[in-house]
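Given next are the chains, with one letter for each unit.
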Amino acid sequence: MPAVSAPTSRRPRHRSAPPQPLSALPAGSLWSRALLLVICAGVPPVLFIWWQNTIAGSLGSVSACLIAAGSIAGLLAAYLLLVLVALMARVPWLENRVGSDVIARYHRSLGEYTVVLVCAHALLLVVGYAWQSGTNPVSEGVTVLFDYTDVWLSAIALGLLLLVGAVSARAVRRKLSYESWYHIHLLVYLAIGLAFAHEFAVGTEFSASLRNRLLWSAAHIVVGAAVVLFRILLPLWRSLRHRVRVSGVVQEGPGVVSLHLTGRHLDRLGAEPGQFLRWRFLAQGHWWQSHPYSLSAPPEPDSLRITVKDLGDGSASLARLRPGTRVWFEGPYGAFTARRSSRARRVLLIAGGAGITPIRSLYESLPGSGSDLVLIYRASRPENLVLYRELEAIAHQRGLGLFARVGPRGRPHEDPLRAAELRAIVPDLAEREVYLCGPAGMTQTVGAHLRTAGVPRRRIHIEAFEL
Amino acid sequence: MRRITAGLAATTAAVALLIGVKANSAGGAPRSALAGLGSSRSAGSTPTGAAPSPGRTAAAAAAAAAAAAAAANGSFDGSVVRTQYGPVQVQAVLKEGRLSSVVVLQQTDGGRSSQIDSYALPVLTAEALKAQNADIDVVSGATFTSEGYAQSLQAALDAAGR
């Protein structure tokens, strides 16, 4: 069991650029709370649209209340669909301040919630209408579907949303390739377009008010513009401007390769250690898909390095990329950076397997010496401790703490990263900022261990990847 | 998943509360369709307004004048009332001063509102015949149609000199 710790406390020589100035407050939790607030702030205006368009006396019966609830559910769902797209528009401010992982988590929870709202909208309205006109819900459903303007389009939209919801369910998602899942997810744009028609045609909140129609259209245009700008135009411009190419491929361990990349003016990207980019390699079999990979070394003005583990999704064939291959990219993204921690605190880094990549960059670039910065690196087998020689070199150079833990996770009381074990390695654990990166299951358990060991939630910064 | 369930439960409660507050924000149902029109107009949210139907108005006015002395007989068109679902217009048929039937000349159009009209209009007509005037209650779920119907009928009865 290799456990390398440099006990010296000599002043280390920094290899990388001096750490960037940090804001006084740790980013992350505060920004995510602000984002939640902004999302919630949109709800009252949406409800107000309904309130203003509804006559109090018309809510005298149960059926009328069901219909009202159905309308409200529809309005909220339409608003949330817009929020969901906006969250995924890769707005740099959201990606870098709130953090891509937090955004993805919000998107997931809000997505499930929205799909339920959309179903409730359809069911409540059909049942309410049927009750009100004394018909049965099935024939009422058929009437609504075929006789109401544009409602059949929205029924297709409902089907698409259910499909997207189904492929995102964890059980199904695991069986699908990233590409299939991603491309099915794009159907959401189509669904929003199809649903939009019936909102204006049968939604009296809009058909009766030009002001509401204008506001609603404007909201859609703003979100659409953000998607085009940040998902298409900005990445395209950056890819053309920086002319990134593969300069070398290095085998790091079983199924793990490092790609060395060169480009122009890469410092202007403002990439920070711990961030990732979405890469698209312009080679046969690769150009049509893009993957997020973390920088595995602090970025240099003319070169970047990523390290990729074969996760069975085509990343294995990256080893066969030829030097000179052009690379398009989106990003940099991610708030798993030095900004997340307050300057005063000492830092513990924990990496699980391929989660070492952003941790490796942070290990080299975070300030401090001696036990200010400690890294615990976990892998199932010694040969899976990729980049370990580099880590050793950094540890020796700066006198930092480096610990490797190898072996199966086993039962809870045998987990090499259980609370007692962590505290034995780092006694002042509860006082530190902790950066944790690894497979989702690992980050979840270790996150729980950390809280058991007394680390407050706001000081645990997690970046997880799905296997 | 637990968070989603909690969120949905909270949403259900909030929506129920919102509807409850709205329903009680201005008296309860049932209420007069004619009275409702006034309140909704003052709220400014519904672009309802009466427009006399051209062409037949002169005849109606003449008929009204003729009927002023004797008991009214014949058909009298009401005004076209524009609701947010479309125009509503009715015709009052009088026999010896009594309202004998109401003919719907124009009704709202498309989707939900035509479906509502198909059950609301007969109810409104029955109410009007029973009351022998336009002071009828709003049919649940058909607020706009009820108001348009009542207002148009009132105009027709005014034209008939009743």
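It should be noted that the structure appears before, not after, this text.
Let me sum up the structure you'll find in this document. (Residues numbered from 1 in each chain as written. Chains lettered and ligands numbered in written order. Predicted model: local features only at pLDDT ≥ 70, side-chain atom pairs only at ≥ 80, totals over all residues. Heavy atoms only, no water.)

### As for the pattern of salt bridges
Side-chain pairs of opposite charge can arise whenever the charged atoms involved come near each other. Residue and element names in this part refer to chain A. The cut-off we apply is this: Salt bridge, as applied in this entry: a Lys or Arg side-chain nitrogen positioned within 4 Å of an Asp or Glu carboxyl oxygen. Only DSSP runs of H or I covering at least 4 residues are called helices, and only runs of E covering at least 2 are called strands; the numbering of each starts at the N terminus. Categorising residues by exposure relies on relative accessible area from a 1.4 Å probe, with only protein chains included: less than 20% of the type maximum marks a residue as buried, more than 50% marks it as exposed, and the intermediate range marks it as partly exposed.
Under the criterion given, the structure shown has twelve salt bridges over all chains. Between glutamate 431 and arginine 345 there is a salt bridge, with the nearest N and O atoms lying 3.9 Å from each other. Here glutamate 431, found in the loop between α14 (419–425) and β10 (433–439), pairs with arginine 345, found in the loop between β6 (326–333) and β7 (347–352); they are 86 residues apart in sequence, far enough to count as distant. Residue arginine 345 is classed as partly exposed on the basis of its relative accessible area of 31%. One salt bridge connects arginine 346 with aspartate 428, and the closest N-O pair in it is separated by 3.1 Å. Taken as a pair, arginine 346 in the loop between β6 and β7 and aspartate 428 in the loop between α14 and β10 lie far apart in primary sequence, 82 residues in all.

### Description of the interface of chain B and chain A
A common way to express how large an interface is: the accessible area buried when the components associate. Selection rule: Pairs of residues are marked as contacts when any of their non-hydrogen atoms sit within 4.5 Å. The term buried area means the drop in 1.4 Å probe accessible area that two parts suffer when joined, counted for both and summed. Nitrogen and oxygen atoms within 3.5 Å of one another constitute a polar contact, given that in protein one can donate a hydrogen and the other can accept it, and given that sequence-neighbouring residues count only through two side-chain atoms.
With 29 residues of chain B at the contact, the number on the chain A side is 33 residues. Summed over both partners, the interface of chain B with chain A comes to about 2,700 Å²; 67% of that surface belongs to carbon and sulfur atoms. Of all residues in chain B, Ile19(B), Lys22(B) and Arg112(B) give up the largest surface area on contact with chain A, accounting jointly for 24% of the area buried on that side. At the surface where chain B touches chain A, the tally comes to zero salt bridges. One can count three residue pairs in polar contact (both at pLDDT 80 or more) joining chain B with chain A.

### A few points about the side chain of Arg238(A)
Residue and element names in this part refer to chain A. Which entries qualify depends on this criterion: Charge assignment in this entry is limited to Lys and Arg as positive and Asp and Glu as negative, and neither His nor the chain termini are counted.
Looking at the element boundaries, arginine 238 is found in helix α11 (residues 210–242). Summary of buried charges: arginine 238 has no salt-bridge partner, and the nearest side chain of opposite charge, glutamate 330, is 8.9 Å away. Those residues in contact with arginine 238 that lie beyond four places of it in its chain are Leu269, Phe329, Gly331 and Pro332.

Take it as geometry only, folks, not as evidence of what the structure does.
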